[in-house]
Amino acid sequence: MTNDETFSGRLLIGSTGSAAVAMLPVYLSALRSQFTGTVTVLMTHTATRFLPAHTAALFADQVVTGEPESTWARHNQVTLAAEHDMLAVLPATANMLAATATGAAGNLLSATVLAASFPVVFFPVMSGEMWGKPAVKRNVEAVRTDGYHVVDPAWGPRYDVALGTFVNSPMPPPPPRFIEVVREFMPQA
């Protein structure tokens with residue numbers, strides 16, 4: 001299959017509280033050029049502070065945030081895992097990797113990772129200092145040992161808001177690479 005061919009499935013994209021989540025619409029838009037299946041975005045509370053859920057909803061079939069509580073019976077880790085074929089976590093923070101490595105279920109996304117019986121792929125995004133820490137390396141190794149997939153981030157220039165300048169750090173993958181990985185891990189009927 002070439003990358004020009006469409007593919008399908010039921011994709012769940014988990015988004016965590018990194019400023020990189022602001023780029024999620026770019027990924028969703030690019031994904032739609034080749035992916036003909038359904039896309040649900042599951043946003044952590046902190047992710048919605050960087051990117052409003054209604055903005056993500058412009059590019060997704062459905063957005064789940066866990067708010068309000070009246071949605072819990074319909075959108076919980078069991079139903080989300082049952083209704084999807086794959087989970088891509090973009091961006092995946094150090095906190096999300098730590099939660100997965102330890103089996104913590106502190107929010108709906110981490111609980112859904114635990115409930116998943118399908119491929120789960122993490123796209124880490126964090127500062128270079130964080131990515132280089134032994135604890136993060138141990139967590140990534142534990143996540144991989146447990147059967148999840150972690151796509152090593154590419155390094156490149158990223159604007160650091162706090163420093164007001166560009167820094168060389170781990171970055172989200174280019175959208176074509178994201179699509180390539182989703183295509184690779186999406187189970188095909």
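Anything mentioned here points back to the structure above.
Residues numbered from 1 in each chain as written. Predicted model: local features only at pLDDT ≥ 70, side-chain atom pairs only at ≥ 80, totals over all residues. Heavy atoms only, no water.

Caption draft 1: Representation of empty space enclosed by the protein within the structure. Enumeration according to the criterion identifies one cavity of 30 Å³ or more in this entry. Empty space within the largest cavity amounts to approximately 30 Å³. Looking at the lining of the largest cavity, its residues break down into eight nonpolar, no polar and no charged. (1 Å grid on protein atoms, 1.4 Å probe; cavity = no way out; pocket = protein on both sides within 12 Å on 5 of 7 lines; lining within 4 Å. Points joined across faces, edges and corners; volume = space filled by probe spheres on them. Nonpolar A, V, L, I, M, F, W, Y, C, P; charged D, E, K, R; others polar.)

Caption draft 2: Fine view of the packing of aromatic side chains. Enumeration according to the criterion identifies five aromatic pairs in this entry. Pairing Tyr159 with Phe166 gives two aromatic rings, centres 5.4 Å apart and planes at 70°, and the pair type is edge-to-face. Its relative accessible area of 44% is what places Tyr159 among the partly exposed residues. The class for Phe166 is exposed, based on a relative accessible area of 56%. Among the aromatic side chains, those forming a connected cluster through ring pairs are Tyr27, Phe123 and Phe178. (Phe/Tyr/Trp six-rings, centres within 6.5 Å; stacked < 30°, edge-to-face > 60°. Buried < 20%, exposed > 50% of the residue type's maximum accessible area, 1.4 Å probe, protein only.)

Caption draft 3: Up close: the pairing of strand β1 (residues 10–15). For β1, the buried fraction is high: five of the six residues fall into the buried class. Regarding topology, helix α1 (residues 24–32) serves as the crossover connection from β1 to the parallel strand β2 (residues 38–43), and that connection is right-handed. As defined by bridge partners, β1 adjoins strand β4 (residues 86–92) across four bridges and the pair is classed as parallel. By the bridge assignment, Ile13 is partnered in β4 with Ala88. (Helix = DSSP H or I, 4+ residues; strand = E, 2+ residues; numbered from the N terminus. Right-handed = clockwise from strand over helix to strand, strands pointing away. Pairing = 2+ DSSP bridges.)

Caption draft 4: Structural view of the packing of helix α5 (residues 94–102) against helix α8 (residues 134–145). Running from amino to carboxyl end, α5 crosses α8 at an angle of 50°, the nearest separation of the two axes being 8 Å. One element, α5, and the other, α8, form an angle in the oblique class. The element α5 and its partner α8 pack so that their crossing is left-handed. Contacts between α5 and α8 involve Ala94, Leu97, Ala98, Thr100 and Ala101 on the former and, on the latter, Val136, Asn139, Val140, Ala142 and Val143. In the contact of α5 with α8, the residues fall into eight nonpolar, two polar and no charged. (Axes fitted to C-alpha atoms, helices over the stretch in contact; angles between N-to-C directions. Parallel < 35°, antiparallel > 145°, perpendicular 65-115°, else oblique. Left-handed = near helix turned anticlockwise from the far one by under 90°. Contact = heavy atoms within 4.5 Å.)

Caption draft 5: Quick look at the pattern of salt bridges. Using the criterion set out here, one finds five salt bridges in the structure. The partner of Arg144 in a salt bridge is Asp152, and the shortest N-O contact between them spans 2.8 Å. A relative accessible area of 32% means that Arg144 is categorised as partly exposed. A salt bridge links Asp160 to Arg158, with the nearest nitrogen and oxygen atoms 3.9 Å apart. Exposure remark for Asp160: the relative accessible area of 16% places this residue in the buried category. Arg158 sits in the partly exposed class, given a relative accessible area of 25%. (Salt bridge = Lys/Arg side-chain N within 4 Å of Asp/Glu carboxyl O.)

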